[in-house]
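Take a look at the letters that make up each chain.
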Amino acid sequence: MTKTYFLIDDEANSEAPADGYAEELTAVSQGSLRVEVYRPTSLQKVLEFIAEVKPDGLLLDVAFTNAPTGEGAPLAYDGIALAQQIRTLQTRGLRQGASSLPEFPLIRFSKADVIREYVSGDTTSEDLFDEKIDKAEIIDDPVPVAKRAFGL
C-alpha cells in the first residue's frame, strides 16, 4: 500500500529545493510512500486543496517567506498557522460529523535555523505536529525519515 504525503513548502529555487526532498523520500521508500510538493498560496486555497486530495499526511515547512503571492506581498500565515487551522477544522469536523477534512498526520518539516527563528523556545505549537523532522535528516539519511512518515 502506497501512502501519499504532500510537502507544503515554498522553496523552489534554493540549494535544497522542496522537489528534491520529495523525490528523495519517494525514491528511498521502495514504493510505500509518494511525496508530492504543493506550493502555498492563500490559506483558503491550501485548505481547499487539502480537502480535495485527502492526503495520507502532510509535511509542513514552517516559513513561507519565499512563496509567490502574485501581489508581491508575503503570505499572511506560516506553516504553524496552517497546522493550527488544519487541526481546528479536523476537530470541528469530528464533532459535527463532517468529513471534508479527515484526520491525517502532520509533520513539521523545516530547517533547524528556521525553527529557532519561528519557534524560539515557544513550545505551544509542538502539539500540532505528530512528528518533527529537520530537513538535514533527508540529506544525512533519508531512509529512517521515510519510514517514520509511513509509520504515522
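Residues numbered from 1 in each chain as written. Predicted model: local features only at pLDDT ≥ 70, side-chain atom pairs only at ≥ 80, totals over all residues. Heavy atoms only, no water.

Student: Give me the lowdown on the overall build of the protein chain, citing residues and values where you can.
Tutor: When helices and strands are counted, the protein chain shows 6 helices and 5 strands. Counting from the amino terminus, the protein chain carries its helices and strands in the arrangement β-α-β-α-β-α-β-α-β-α-α. For the protein chain, the residues scored as buried account for 43% of the 152 residues in total. Looking at the protein chain as shown, the accessible area adds up to about 8,000 Å², and 48% of this sits on carbon and sulfur atoms. (Helix = DSSP H or I, 4+ residues; strand = E, 2+ residues; numbered from the N terminus. Buried < 20%, exposed > 50% of the residue type's maximum accessible area, 1.4 Å probe, protein only. Areas by Shrake-Rupley, 256 points an atom, 1.4 Å probe, with all protein chains shown as cover.)

Student: Talk me through the sheet that holds strand β4 (residues 106–110); I want residue IDs and the actual numbers.
Tutor: Across the sheet, which stays open at both edges, the 5 strands sit in the order β2-β1-β3-β4-β5 with parallel pairing between neighbours. Looking at which strands have only one partner, the edges of the open sheet turn out to be β2 (33–38) and β5 (131–134). Each adjacent strand pair in this sheet contributes to an overall mean axis angle of 25 degrees, direction not counted. Alignment of β4 against β5, held across 4 bridges, turns out to be parallel. (Pairing = 2+ DSSP bridges. Axes fitted to C-alpha atoms, helices over the stretch in contact; angles between N-to-C directions.)

Student: Account for the packing of aromatic side chains, with residues named and values stated.
Tutor: The full count for this structure, using the stated rule, is 4 aromatic pairs. Between F6 and F49 the ring centres are 5.0 Å apart and the planes differ by 90 degrees, which places this aromatic pair in the edge-to-face class. Of this pair, F6 sits in strand β1 (residues 3–8) while F49 sits in helix α2 (residues 43–53); the two residues are 43 residues apart in sequence, bridging distant segments of the chain. Relative accessible area serves as the criterion here: at 9%, F6 is assigned to the buried category. When its relative accessible area of 18% is taken as the criterion, F49 is described as buried. Considering the side-chain rings of F64 and Y77, the 5.6 Å spacing of their centres and the 80 degrees angle between planes classify their relative orientation as edge-to-face. Residue F64 is found in the loop between β3 (57–60) and α3 (79–96), and its partner Y77 is found in the loop between β3 and α3; the two are separated by 13 residues along the sequence. For F64, a relative accessible area of 3% corresponds to the buried category. By relative accessible area, which is 10% here, Y77 ends up buried. (Phe/Tyr/Trp six-rings, centres within 6.5 Å; stacked < 30°, edge-to-face > 60°.)

Student: Before we move on, could you go through the environment of S32 and cite the residues and values that matter?
Tutor: Among the secondary structure elements, S32 is positioned in the loop between α1 (18–28) and β2. Placed 31 residues apart in sequence, S32 and M1 show a C-alpha to C-alpha distance of 6.1 Å. Those residues in contact with S32 that lie beyond four places of it in its chain are M1, T2, K3 and F150. At 2.8 Å, the side chain of S32 forms a polar contact with the backbone oxygen of S29. (Contact = heavy atoms within 4.5 Å. Polar contact = N/O pair within 3.5 Å; in protein donor to acceptor, adjacent residues only side chain to side chain.)

Student: Explain the pattern of salt bridges residue by residue, including any values.
Tutor: Considering all chains together, one arrives at 9 salt bridges under this definition. Ionic pairing is found between D61 and K135, a salt bridge with its closest N-O pair at 3.7 Å. On the criterion of sequence distance, the pair formed by D61 in the loop between β3 and α3 and K135 in the loop between β5 and α5 (136–140) is long-range, its members being 74 residues apart. We note that D61, like K135, is buried. Among the ionic contacts, a cluster of salt bridges with common partners joins D9, D61 and K135. (Salt bridge = Lys/Arg side-chain N within 4 Å of Asp/Glu carboxyl O.)

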